[in-house]
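The primary structure of each chain is shown beneath.
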Amino acid sequence: MFKDPDLMEDSNHCANPTLCELSEPTRRQWLTQALQWSALAWLPVSGCASLPGAGPGHPRLGFVGIAPSRADALAVPPGYSAQVLAAWGEPVGMALAMPAFREDASNSAADQALQLGMHHDGIQYFALDGSHHGLLVMNHEYTDDGLLHPGGMSPWTLEKVRKSQAAHGISVIEVRRHGQQWQMVRPSAYARRITANTPCTLRGPAAGHALLQTAADPQGHSVLGTLNNCACGKTPWGTYLSGEENFRFYFAGGARPNADQQRWGITPEAWFRWPEHDPRFDATLHPNEFHRFGWIVEVDPMDPGSVPVKRTALGRGAHEGAWVATTRTQRAVVYTGEDARFEYLYKFVSRDAIAPARSGLTLAQANHALLDHGTLYVARFGADGSGEWLALVHGQGPLTARHGFADQGEVLVKTRQASDLLGATKMDRPEWLAIDQDQHQVFCALTNNSARGQPGQPDVDAANPRRNNVMGQVIRWQEDGDFDSTRFEWNTLVLAGDPGGARAEARGKVRGDAFACPDGLMFDPRGVLWIQTDVGASDLNQGEFSRLGNNQMLACDPATGEVRRFLSGPVNCEVTGAALTPDGSTLFVNIQHPGEPPSERSDASDPQRFSRWPHGGRPRSATVAIRRDDGGTIGT
Ligand code: FEO
Ligand code: CA
Ligand code: CA
Ligand code: CA
């Protein structure tokens, strides 16, 4: 969200040196090196041979790539079909209360709390019965209040705030496939909405901290709701991890925000205008409520009565999402990043090993405290292709009371400030990560950063090698031995952009189909890296983006660097969130905000101005199910 440069977060003014300053290479050397890396097969990727098309002699990319498109339609390769399965406003299937979607947006806040939220983002599939029956768990990142209400935001009322809050959060739906067609199972005992008002528990070292205590929750253990849920991960113990990304847009900071609030990008007024009717989002009245968002939230979708948990041990940030690897000793390593200009990449290593299910407890229940104990690290990318994970541990290095950190809880609430002190590398907006468990490799989409190299801003470095970087890049690193290592080696997988572009630093180095602004990533069991894009509506199909088409999804073979376009979305949508069934025969993809105007808020008098996808009326974010017409494995 928020591609408008005036809205985009740019709060890191700390003095961390860029790598150029550390090692004094020329910028040109870095650019050249990155281009060389992107053109090379860096490390062999074996993939998994359990699915068709992964063995020797089978190229990983086995579909016919599609052309860029500007159509208000979803396009997939020949031999594939896409079905709209779950759009904003569909009842999720809780008990017998299933209010139908009203095309004029006149559903109430109470209706919306029983329906799929707006702006679908990360999604995961949890099998109930193999690859034809399971749960889909998805995030609803934010709302377009010009589209959500009849009359938009005029007048702006408490009922509209409550509807907006109900359209945020997470949905759990049950789905079943009959032949080639998927259907939502309704009613379903699993169906669930988690909104911006659903009680969540705080756990880990910062739970109960003075910085998390409020008048409504003097113990600092219970928060109402989760919001701006962006990307997601799935744990080996069967739970869902959701990132609370741009939480600053919900809070009003008033005329004189303090230094901590400024470091977290709070603004005088809240973009979402909730504080006008819900004072807990007025940070001048309730400053600690601001500290209770920005956490990774864990949900057990198999237990509809479970309380979502905010895991403070993983640190606070404008988290895109969280992705889990497993060490050889069965400890969990959770990778996260902050999607904001010049923010950082993190990983958390659990203290304990993943526990097996035991009598009376499911696997998820047996690991309920796993993410509450461990060590959080922040990344520093070396100029020579090496890298280092720096521990964010109270009492170590500068993380002491003398520098403003009373205890580990404060280190975690102020993860950004702690990382500033350690000299972490300022990145070009880390979006999704994806993990190759077998090769101990991690991929990260750095979506763009047009402020890079601008006057008064950090200059380029090895991992972020382009000034006015409007196109983005995908980097990867390999941990030294195992995922809990504190050292790694890294390089650039692909520099996004049009290879025929006029401006050198917007020019892509892409082998195959060009794209811009990588955001969503998924590493599939065959060793294919799937890339989804998020170019803002004010840039799509214009200027340096004029030949790249609508936002899209592509497949990349990391062993060769080849990229092939698989899907093109409708007008002004973002393509985000991808989940495969275990057999690889269905790919669920989320289409977010079709028809979003450049202002990122629809004109309530003409909400269909840019798109009528998917059903010819009011544009609606939706989950689509994509299958090969012959039922075969996606991508082969
Ligand atoms: Fe919500 Fe960074 O995308
Ligand atoms: Ca978006
Ligand atoms: Ca994203
Ligand atoms: Ca994005």
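Numbering of residues starts from 1 in every chain and runs along the sequence as written. Here every chain gets a letter starting at A, and every ligand a number starting at 1, in the order they are written. Per-residue local features of the predicted model are confined to residues with pLDDT of at least 70, and side-chain atom pairs are confined, for both listing and counting, to 80 or more; whole-chain, interface and lining totals are unaffected and use all residues. With hydrogens and water excluded, all non-hydrogen atoms of the structure serve as input to the side-chain values.

**Q** Explain the overall build of the chain residue by residue, including any values.
**A** Segments assigned H or I by DSSP are reported as helices when at least four residues long, segments assigned E as strands when at least two residues long, and all are numbered from the N terminus. When helices and strands are counted, the chain shows nine helices and 29 strands. Throughout, radius of gyration means the C-alpha value; the globule benchmark is 2.2 Å times the number of residues raised to the power 0.38. For the chain, whose C-alpha radius of gyration is 23 Å, the value lies close to the compact-globule estimate of 26 Å for 636 residues. Along the first, second and third principal axes, the C-alpha set of the chain runs to 65 × 60 × 55 Å. Taking the contacts inside the chain whose residues are at least 6 apart along the sequence as the reference set, 67% of them involve residues at least 24 apart. Method for areas: the Shrake-Rupley scheme with a 1.4 Å probe, in which residue coverage is limited to the protein chains shown. For the chain, the accessible surface area stands at approximately 20,600 Å², while carbon and sulfur atoms represent 52% of it. Should any heavy atoms of two residues lie within 4.5 Å, those residues are considered in contact.

**Q** With reference to specific residues and values, describe helix α9 (residues 415–422).
**A** Summarising burial for α9: seven of the eight residues are buried, a large majority. Think of it in three bands: residues with accessible area under 20% of the maximum for their type are buried, residues over 50% are exposed, and the middle band is partly exposed, with areas taken using a 1.4 Å probe on protein chains only. Of the positions making up α9, those classed as buried are Thr415, Arg416, Gln417, Ala418, Ser419, Asp420 and Leu422. Just downstream of α9 lies Gly423, where phi reads positive at about 80°.

**Q** Would you mind going over the coordination of the calcium ion (ligand 2) in detail, with residue names and values included?
**A** Taken together, Glu574 (OE), Gln592 (OE1) and His593 (NE2) make up the full set of protein donors to the calcium ion (ligand 2), lying 2.0 to 2.5 Å away. Only N, O and S atoms count as donors, using a 2.8 Å cut-off from the metal and 3.2 Å for Na, K and Ca, and because water is excluded some sites may appear unfinished. Between consecutive donors of the calcium ion (ligand 2), the numbers of intervening residues give the motif E-x17-Q-H. Distance-wise, the calcium ion (ligand 4) is placed 5.8 Å from the calcium ion (ligand 2). Placement of Glu574 in strand β27 (residues 574–580) and of Gln592 in strand β28 (residues 586–592) is noted, with a sequence separation of 18 residues between them. Here Gln592 falls in the buried class, since its relative accessible area comes to 0%.

**Q** Describe the environment of Leu227, with residues and values.
**A** Mapped onto the secondary structure, Leu227 falls in the loop between β8 (222–224) and β9 (229–234). Classification of Leu227 as buried rests on a relative accessible area of 0%. Considered as a pair, Leu227 and Asn139 are 88 residues apart in the sequence and their alpha carbons are 9.1 Å apart. With sequence-adjacent residues up to four places away left out, Leu227 is seen in contact with His168, Glu244, Glu245, Phe247, Tyr250, Trp274, Phe281 and Phe293.

**Q** An account of the nonpolar core is needed here, citing residue identities and associated values.
**A** Throughout, nonpolar core names a set of buried Ala, Val, Leu, Ile, Met, Phe, Trp, Tyr and Cys residues whose side chains join them through atoms within 4.5 Å. Within the largest apolar cluster, 56 residues are counted, with the highest numbers of intra-cluster contacts made by Tyr250, Phe272, Trp274, Val334, Val378 and Leu392. Sorting the residues of this core by element identifies β13 (319–326), β14 (331–338), β15 (345–353), β16 (374–381), α8 (408–413) and α9 as the ones contributing at least two each. The dominant element in this core, judged by the number of residues it contributes, is α8, at three residues. With residues up to four places along the chain from it excluded, the contact list for Tyr250 reads Glu141, Tyr142, His168, Leu227, Asn228, Ala270, Phe272, Trp274, Pro275 and Phe281. Ranked by size, the runner-up nonpolar core spans 51 residues in total, among them Leu433, Val442, Ala506 and Leu540.

**Q** Talk me through helix α5 (residues 158–166); I want residue IDs and the actual numbers.
**A** Of the positions making up α5, those classed as buried are Lys160, Val161, Lys163, Ser164, Gln165 and Ala166. For α5, the secondary structure elements touched by its buried residues are α3 (109–112), α4 (145–148) and β6 (192–194).

**Q** Tell me about the sheet that holds strand β11 (residues 296–299), residues and numbers included.
**A** In this description, strands pair whenever DSSP reports at least two bridges between them. Strand order across the open sheet formed by six strands is β8-β7-β12-β11-β10-β9, with mixed pairing between neighbours. Edge positions in the sheet fall to β8 and β9, since each of these pairs with one other strand and no more. Taken pair by pair, the neighbouring strands of this sheet meet at an average axis angle of 35°, ignoring direction. Relative to β11, strand β10 (residues 240–244) runs antiparallel, the two sharing four bridges. Looking across to β11, one finds that Leu241 is bridged to Glu298. Note on method: axes are straight lines fitted to C-alpha atoms, helices fitted across the in-contact stretch only, with angles between N-to-C directions ranging 0 to 180 degrees.

**Q** How would you explain the confidence of the model for the chain if you had to name every residue and give the values?
**A** A residue's pLDDT is the predictor's confidence in that residue, given on a scale from 0 to 100. Residues at a pLDDT of 70 or more form 93% of the chain, whose mean pLDDT is 93. This model gives residues 19–55 a pLDDT under 50, and the stretch forms 83 contacts once residues within four places in sequence are excluded.

**Q** Hey, could you go over the coordination of the calcium ion (ligand 4) for me, with residue numbers and the actual values?
**A** The protein atoms that coordinate the calcium ion (ligand 4) are Glu431 (OE), Asp519 (OD) and Asp534 (OD), at distances spanning 2.2 to 2.4 Å. Counting residues between consecutive donors of the calcium ion (ligand 4) along the chain gives the motif E-x87-D-x14-D. The class of Asp534 is buried, set by a relative accessible area of 3%.

**Q** Can you break down the pattern of salt bridges residue by residue, with the values?
**A** Counted as salt bridges are all cases of a side-chain nitrogen of Lys or Arg within 4 Å of a carboxyl oxygen of Asp or Glu. Counted under the stated rule, the structure contains 34 salt bridges. For Glu90, the salt bridge identified is with Arg186, shortest N-O distance 3.4 Å. Note that Glu90 is positioned in the loop between β1 (80–87) and α3 and Arg186 in the loop between β5 (181–184) and β6, a separation of 96 residues in sequence. Exposure remark for Arg186: the relative accessible area of 35% places this residue in the partly exposed category. Notably, a salt bridge pairs Arg351 with Asp352, separated by 3.1 Å at the nearest N-O pair.

**Q** How would you explain the state of the cysteines if you had to name every residue and give the values?
**A** The rule for a disulfide is simple: a pair of cysteine sulfur atoms within 2.5 Å. Applying the stated rule across the entire model yields zero disulfides. Cysteine Cys556 is unpaired, with the sulfur of Cys444 as its nearest cysteine sulfur at 14 Å. The exposure class assigned to Cys556 is buried, which follows from its relative accessible area of 0%.

**Q** Residue-level account of the sheet that holds strand β29 (residues 622–628), with values.
**A** With antiparallel pairing, four strands are arranged side by side in an open sheet as β1-β29-β28-β27. The sheet terminates laterally at β1 and β27, the two strands that pair on one side only. Adjacent strand axes in the sheet meet at a mean angle of 25°, parallel and antiparallel pairs treated alike. When β1 meets β29, the two strands line up antiparallel, connected through seven bridges. From the neighbouring strand, Ala82 faces β29, where its bridge partner is Ile626.

**Q** Could you give me a rundown of unusual backbone geometry, with the residues and numbers involved?
**A** Backbone torsion omega between Ser154 and Pro155 reads -10°, so that peptide bond is classified as cis. Its identity is not glycine, yet Asn228 carries a phi of approximately 50°, on the positive side. Looking at the secondary structure, you find Asn228 in the loop between β8 and β9. The phi dihedral of Arg429 falls on the positive side, at around 60°, and the residue is not glycine. By the secondary structure assignment, Arg429 is in the loop between α9 and β18 (430–436).

**Q** Talk me through the packing of aromatic side chains; I want residue IDs and the actual numbers.
**A** Whether two aromatic rings pair depends on their centres lying within 6.5 Å, for rings of Phe, Tyr and Trp, where Trp uses its six-membered ring; planes under 30 degrees apart make the pair stacked, over 60 edge-to-face, and the rest tilted. A full pass over the atoms with the stated rule returns 29 aromatic pairs. Ring geometry for Phe281 and Phe293: centres 6.2 Å apart, planes at 40°, overall tilted. Taken together, the residues span a long stretch of sequence, with Phe281 in the loop between α6 (259–263) and β11 and Phe293 in the loop between α6 and β11 at a distance of twelve residues. Phe293 sits in the buried class, given a relative accessible area of 0%. Summarising the aromatic geometry, the rings of Phe381 and Trp490 are spaced 5.7 Å apart at their centres and angled 80° between planes, so their arrangement reads as edge-to-face.

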